[in-house]
Amino acid sequence: MSPLTAPQDSSHSDRANRASQLLATVRPGLQLVETKMKAVDSALFAPLAHAFLDLIGSGGKRLRPALALLSAEVAGMTPSSAAYPRVVALAAAVEMLHTATLVHDDVIDGAMLRRGAPTLNATWSGGSTVLAGNYMFGTAARFAAQTDDIRVIRLFSETLKIIVNGELRQLRDRYNYEQEKSVYYQRIYAKTASLFCAATEGAAILAGLSDAAVKQLRDYGYNFGMAFQIMDDVLDFTSDEATLGKPAGSDLRQGTVTLPFFYYLHRDSGADDLIAYLEEQRLRADEEDATIWDHTVAQVVQEVRATGGVKAARQEALNFLEQARNTLSIFADSPCKEALLGLCDYVVQRNY
């Protein structure tokens, strides 16, 4: 049985253990990244310092820095290489940039919880939270500069521009149910895949690979990142609040059109009627009772689950992952290559 069609009923702990096993080969490097990220200037404003450490400490599996380290090592670099600290700096930069964007996202969305835990936005004022995010952006830029490579620094700055542009486009397109699928792809590239690209491409540059090989690793990051976000969007419809830390259908509730809903919307000729219904219900919620919109979204979530929207979106994620696997064909077999291949399986098997 192909890993891409493996059963999806493994337990949460099994999936967590599998992810840990895949990253074991770069665990020492990830510990260096963690230490670097947690080094706080003693002169830093104490409440900010505490919040900073709490945010860093609550990080997930560190997939983005792991991809940077795995890419460098699949390219032939070892932890004893003189250039390895520069890859650690890159890995810390991409993770810090990711964390900073989450802080700002929580302000934009008014989110009080993330993965079931209170956000900084829940205890600080909006202005203070934005400034905390700004500090993290600055720290990420400092780490990027420590790579001492102008191509990587330019890549980092370009990625930051892409992410911000994507966030602005997402705000503009809220409740625009008639957007093309290409708009969704542009958005998830900006929101998610661009940072995976920065991790893998930057590491390939620091490892001294040819331009062609750098492109292969960048393409891995792109395809992996696109699949990762599509699966996030699938989980927003298929998981529950206990798992997600937020109600199912949260993206739709905020007016963000994702791939499962796109396929549900265009499953037949009734798209115009559904759009009219959604707009009517949202207007009623604004004028009468906010729970009207909650009930409407819950209803749509059930219908998306019952139709082919989830299945079609998941298949697109699988297609991206197959392309990610193909990009690794030029690299010699190694534990790091096996980890990069294995992470493609993990993406479609996770439930959070």
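As a reminder, the structure under discussion sits directly above these lines.
Residues numbered from 1 in each chain as written. Predicted model: local features only at pLDDT ≥ 70, side-chain atom pairs only at ≥ 80, totals over all residues. Heavy atoms only, no water.

**Here's the deal with the pattern of salt bridges**
Item 1. One pass over the structure, following the stated rule, counts 14 salt bridges.
Item 2. Residue E34 is joined to R62 by a salt bridge in which the shortest nitrogen-to-oxygen separation is 2.8 Å. Of this pair, E34 sits in helix 2 (residues 27-38) while R62 is found in the loop between helix 3 (46-57) and helix 4 (63-74), placing the two residues 28 residues apart along the sequence.
Item 3. We classify R62 as buried; its relative accessible area is 8%.
Item 4. Overlapping salt bridges bring together E34, K38, R62 and E95 as one network. (Salt bridge = Lys/Arg side-chain N within 4 Å of Asp/Glu carboxyl O. Helix = DSSP H or I, 4+ residues; strand = E, 2+ residues; numbered from the N terminus. Buried < 20%, exposed > 50% of the residue type's maximum accessible area, 1.4 Å probe, protein only.)

**Brief notes about a nonpolar patch on the surface**
Item 1. Nonpolar side chains collect at one region of the surface, where I108, V164, L168 and L171 lie side by side and expose about 330 Å² of accessible area between them.
Item 2. Sorting elements by how many residues they give to the nonpolar patch places helix 7 (residues 150-172) first, with three residues.
Item 3. Among the structural elements, I108 can be located in helix 5 (residues 84-109). (Patch = residues over 30% accessible without salt bridge, like charges linked within 9 Å, V, L, I, M, F, W, Y side chains within 5 Å. Areas by Shrake-Rupley, 256 points an atom, 1.4 Å probe, with all protein chains shown as cover.)

**Notes on the nonpolar core**
Item 1. Ranked by size, the top nonpolar core spans 106 residues in total, and within it L69, Y177, Y220, F224, I230, F261 and L343 carry the most contacts.
Item 2. Here the element with the most residues in this core is helix 8 (residues 181-206); it accounts for 15 residues.
Item 3. With residues up to four places along the chain from it excluded, the contact list for F224 reads L67, F196, L321, A324, L343, C344 and V347.
Item 4. L44, L48, L120 and A132 belong to the second-largest nonpolar core, a separate cluster that totals six residues. (Core = buried A, V, L, I, M, F, W, Y, C linked by side-chain atoms within 4.5 Å. Contact = heavy atoms within 4.5 Å.)

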